[in-house]
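Next come the chains, spelled out residue by residue.
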Amino acid sequence: MQTLASRVNNTLLYASLVYLVVLVAAAAAAPLVAPFDPFTQDLGARFVAPGVEGHPLGTDDFGRDVASRLIYGARATLTVGFTAVGIALSLGLVIGLSAGLSEGLPDSALMLVMDAVLSFPTVLLAITVVTIFGYGLAQVMVAVGVIFTPVFARLVRAETLAVKREEYVEASRALGSPPLRTIRLHILPNVLPQIVVQASITFALAVVIEASLSFLGLGTQPPNPSWGLMLKDARNYLLRAPGLALYPGIAVALTVLSLNIIADWLSNRFSASARVQQRAYSRR
Amino acid sequence: MKVYMPTAAIVGVLTLFIAGTASAGGQEESRSRVLEVGIAGEPDTLDPQATSGTLTFQVLRNVYDTLVVPTEDGRIGPALATDWETSDDELRWTFTLREEVRFHNGSELSSQDVKATFERILAEGSGSPWKEEFSAIEEIRTPGPSEVVFELERPYAPLLSSLASGWGAILPRELIEEEHDFAADPVGTGPFRVTNWVRDNRIVLERHDQYWMEGAPQLDRVNVNIITEPSVQIQGLISGDLHVIDTVLPGDVDTVREADNARLYRQLTALVLVLAMNTDREPLDIPEVRKAINHAIDKEAVLDVAYTGGEVVGTFMDSQSPYYVDTTDMYPYDPDKAREMLEAVGIDDDTTLEIAVPQNYEFHVRAAEMYDEMLSEVGLDTEIRLVDWSTWISDVYRGSKYDLTVVGHTGKLDPDGRLNDGFDYTNWQDDEVDELIEEARRTSEFETRKELYTHVLEILGREVPFVYVGSPYLYVGLSEKVRGFEIDPTLDTYDFRGVSLE
């Protein structure tokens, strides 16, 4: 059983990796890969069925090629994912490290702010930020980035506090190593595994939030393609052309699923290696 | 996966809804005289003087009567007033009231009620959004129980149309004096009275037995069900639980048309859909550019794809209005000509115009996507910016901070309602037009007014501060059982007086 389960897990993992690599490659090379221009309307060819007239997934209500819009839409999704995670990670790292190393008042103050951000429901906070700063993809990226900062900050702070008290760290500080060196040599390597796992989970959440905000008309601005926006438009034609809602829906679902599978695998791997290390330590 | 939540919610609501109406069924026999109507939202109030919300008037149309009503040919006909005349100086309007009209509370209609009704709107601190429309009234006199005289401080022809609109509803004097809560419990002379209002669920209208019109109403009861989700309305219609639904989305038009037990009622609305241009902004200040943009837009296609069809217009008036002037042949769809005109003016690639679109109106957003594509075809770069409705009102409509914008102008019974300030936000101004509009306001004689408005509409059609796209169709989904359903011209409210069920 064990081997069967792990074989299934491995297959899922590889499938997820392949899907994501293909997605990133397709998004990056969209002009080369997409069969049509995603903006060109052809009012003579509305709601064309998949496979007809060279449209692999058919056309939408303006006669635009659905497959091309999906590929270009991946750009919006991935850009938001990478940027938002980048923002959340960098901000979280700086805040978490400063809080963890300083302790006392600065620590309490920083964590209070983080808790305040954390206490808002994510989508509500995203809508608020976007409503204040205007609709658009850039605003969504920043909003999602800020929303997920506390998660990273807490993670980094906790690990910093733990590592800081280890004897070897105290020893190196006693020997006069500057704080930055301590961070680089001792703290960062210890937080890295958790951060990587958290980053992939956050990426998946960012994909969903981008889709939700675009669905609400607050994210990607038409006529630019985005999966959420495609879902929104398709809603009016659910009975007539269900595919229009199905394809972007599947794209969102697969992307989130793949990212979660990879996050799962990473976290298993890191905790396993941590166990091995611990065992080796206790044996000694 | 979150994105699939709405679908699950729809199914949930749908199940609940079907269960709800099925259990409310009761006896089959009495059901055949109960009309089940689905409307898209809850009225904010049932006080006709307190709101401009269309849902309120959709419900109140069958609860109240007005002195006069709009007729098929776009003119004004009798209702509670059987007859009226204006003095030569246009300052005195005398209405003769219908005899033996009874309110829902049993009291008989008299000129006192009419006086009290309009004094309620005009009262200091009434806060009615319609106060301005009646502000020309200086005094209301009641020489006899069936005669009411409006004394005006200035000639104001559009008053008659205001009296024919939903907010001209006549309320009973006694209750006005008692400060009755009309917002929750309306009392009028209409064919139905409101007996129950279950918030977010339904409004129950019972037959008014003493209604003045012979043989009306034919129904015993109308249940106005509040159903915000369009697909639930469609399903309700097809399953036979609903007889009339007010929301048929573009994608569902064919579904209803092909359904065995339902049909589609189609009527042109008085809405004029436009792509408005800010004539203060370069290069839209140049008439040639505005004309080129008019040539670049395929109006018919926009109406069909973004707005479920309609009728193209060439000027700032709906085509059904008796004042309409056909100028559609001035700027026909001709992208090549548009491109040449823009090149001649010297529009280059650096010019990017922003199309501001109210984000809550999905069909305007879709129309904007088409304009964006059509204008880029003729070499004019545009960019869509979605704004929420309140921002649109404050920045675009009131503040004129935009290049291009997409919106629809609702129909008013009187042409003055559309023309007096309807194009202010384009910053287009013409002294001759201003004078003609002012003059038309001072006369109530139809032929004179028509001549004046013809002139105005010709100038507007030539100078094009807008791309006038057209009026869209209004679709109502009807059960095959419904007979005698009508929609009031221009007001677009449903008239249930002649409705019966087979």
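Residues numbered from 1 in each chain as written. Chains lettered and ligands numbered in written order. Predicted model: local features only at pLDDT ≥ 70, side-chain atom pairs only at ≥ 80, totals over all residues.

Draft legend 1. Just the overall build of chain A, in detail. Counting its secondary structure elements, chain A contains 11 helices and 0 strands. When the elements of chain A are put in sequence order from the N terminus, they spell out α-α-α-α-α-α-α-α-α-α-α. With respect to the principal axes defined by its C-alpha atoms, chain A has extents near 75 × 50 × 30 Å. The buried share among the 284 residues of chain A stands at 41%. Across chain A, every contact between residues at least 6 apart in sequence was considered, and the portion connecting residues at least 24 apart equals 68%. (Helix = DSSP H or I, 4+ residues; strand = E, 2+ residues; numbered from the N terminus. Buried ≥ 20, exposed ≤ 12 C-beta atoms within 10 Å, placed from the backbone. Contact = placed C-beta atoms within 7 Å.)

Draft legend 2. Representation of the overall build of chain B within the structure. Tallying secondary structure elements over chain B gives 16 helices and 22 strands in all. Taken over the C-alpha trace, chain B has a radius of gyration of 24 Å; the compact-globule value for 502 residues is 23 Å, and the two agree within 12%. Dimensions along the principal axes, computed over C-alpha positions, put chain B at roughly 70 × 65 × 35 Å. Every one of the 502 residues in chain B was classed for burial, and the buried ones make up 47%. Put simply, 70% of the contacts in chain B that link residues at least 6 apart link residues at least 24 apart. (Rg over C-alpha atoms; globule rule 2.2 N^0.38 Å.)

Draft legend 3. Up close: the sheet that holds strand 5 (residues 92-97) of chain B. Residue and element names in this part refer to chain B. Judged by pairing direction, the sheet is antiparallel, and its 4 strands sit side by side in the order 4-5-7-6 without closing on themselves. A strand with exactly one partner marks an edge of an open sheet, and here the two such strands are strand 4 (81-86) and strand 6 (137-144). Each strand axis lies, on average, 20 degrees off the axis of its neighbour in the sheet, ignoring direction. Pairing of strand 4 with strand 5, which is carried by 5 bridges, proceeds in the antiparallel orientation. What sits directly across from Glu85, in strand 5, is Thr94. (Pairing = 2+ DSSP bridges. Axes fitted to C-alpha atoms, helices over the stretch in contact; angles between N-to-C directions.)

Draft legend 4. How the structure looks around the confidence of the model for chain B. All names here are of chain B. With 94% of its residues at a pLDDT of 70 or more, chain B shows a mean pLDDT of 88. Long-range and interchain partners of residues 1-29, a stretch whose pLDDT sits below 50, account for 28 contacts in this model, where long-range means more than four residues apart. Of the two predicted TM-score estimates for the complex, the pTM is 0.79 and the ipTM is 0.77. (pLDDT = per-residue confidence, 0-100.)

Draft legend 5. View of the packing of helix 4 (residues 104-118) of chain A against helix 7 (residues 149-164) of chain A. Residues and elements named next belong to chain A. Where helix 4 contacts helix 7, the axes come no closer than 9 Å and their chain directions differ by 140 degrees. Considered as vectors, helix 4 and helix 7 are oriented oblique to each other. Seen along the crossing, helix 4 lies across helix 7 with a hand that is left-handed. Residues Met114, Val117 and Leu118 of helix 4 pack against Thr149, Pro150, Ala153 and Arg154 of helix 7. The class makeup of the residues in the contact of helix 4 with helix 7 is 5 nonpolar, 1 polar and 1 charged. (Parallel < 35°, antiparallel > 145°, perpendicular 65-115°, else oblique. Left-handed = near helix turned anticlockwise from the far one by under 90°. Nonpolar A, V, L, I, M, F, W, Y, C, P; charged D, E, K, R; others polar.)

Draft legend 6. Inspection of unusual backbone geometry at higher detail. With an omega of -10 degrees, the peptide bond between Ala216(B) and Pro217(B) qualifies as cis. In this chain, Glu282(B) is followed by Pro283(B) through a cis amide linkage whose omega measures -5 degrees. Its place among the elements puts Pro283(B) in the loop between strand 13 (272-277) and helix 9 (287-296). The phi torsion at Phe47(A) lies on the positive side, around 55 degrees, for a residue other than glycine. If you check the backbone angles, Glu179(B) has positive phi at about 55 degrees while not being a glycine.

Draft legend 7. Seen up close, the environment of Ala15(A). As for its placement among the helices and strands, Ala15(A) is situated in helix 1 (residues 2-28). A sequence separation of 92 residues divides Ala15(A) from Asp107(A), and the C-alpha atoms of the two residues are 43 Å apart.

Draft legend 8. Just the interface of chain A and chain B, in detail. With 25 residues of chain A in contact, the opposing surface of chain B contributes 22 residues. Counting only elements with at least two residues in the side of chain A that touches chain B, the list comes to helix 9 (179-215), helix 10 (227-234) and helix 11 (243-283) of chain A. By residue class, the composition of the side of chain A that touches chain B is 16 nonpolar, 7 polar and 2 charged.

Draft legend 9. Broad picture of the environment of Val33(A). Residue and element names in this part refer to chain A. As for its position among the elements, Val33 is in helix 2 (residues 30-33). In sequence terms Val33 and Ile71 are 38 residues apart; their C-alpha atoms lie 8.1 Å from each other. If we ignore the near neighbours within four places in the chain, the residues touching Val33 are Ala26 and Ile71.

Draft legend 10. The pairing of strand 15 (residues 352-358) of chain B, seen in detail. All names here are of chain B. Most of strand 15 sits out of view: 5 of its 7 residues are buried. Relative to strand 16 (residues 381-387), strand 15 runs parallel, the two being bridged by 7 bridges. Note on strand 16: the bridge partner recorded for Ile355 is Ile384. At this point the chain moves from strand 15, through helix 12 (residues 362-377), to the parallel strand 16, and the crossover so formed is right-handed. Here 2 bridges tie strand 15 to strand 17 (residues 404-409), and the two strands are oriented parallel to one another. Opposite Ile355, over in strand 17, you have Leu404 as the bridge partner. (Right-handed = clockwise from strand over helix to strand, strands pointing away.)

Draft legend 11. Representation of the nonpolar core in the model. By size, the foremost hydrophobic cluster in this structure holds 132 residues, and its most contacted members are Val144(A), Val274(B), Leu275(B) and Tyr371(B). Take this core: its biggest share by element is 17 residues, from helix 3 (residues 66-102) of chain A. Contacts of Val274(B), omitting those with residues within four sequence positions, involve Val407(B), His409(B), Phe466(B), Val467(B), Tyr468(B) and Val469(B). Ranked by size, the runner-up nonpolar core spans 68 residues in total, among them Tyr64(B), Phe95(B), Val148(B) and Val482(B). (Core = buried A, V, L, I, M, F, W, Y, C linked by C-beta atoms within 7 Å.)

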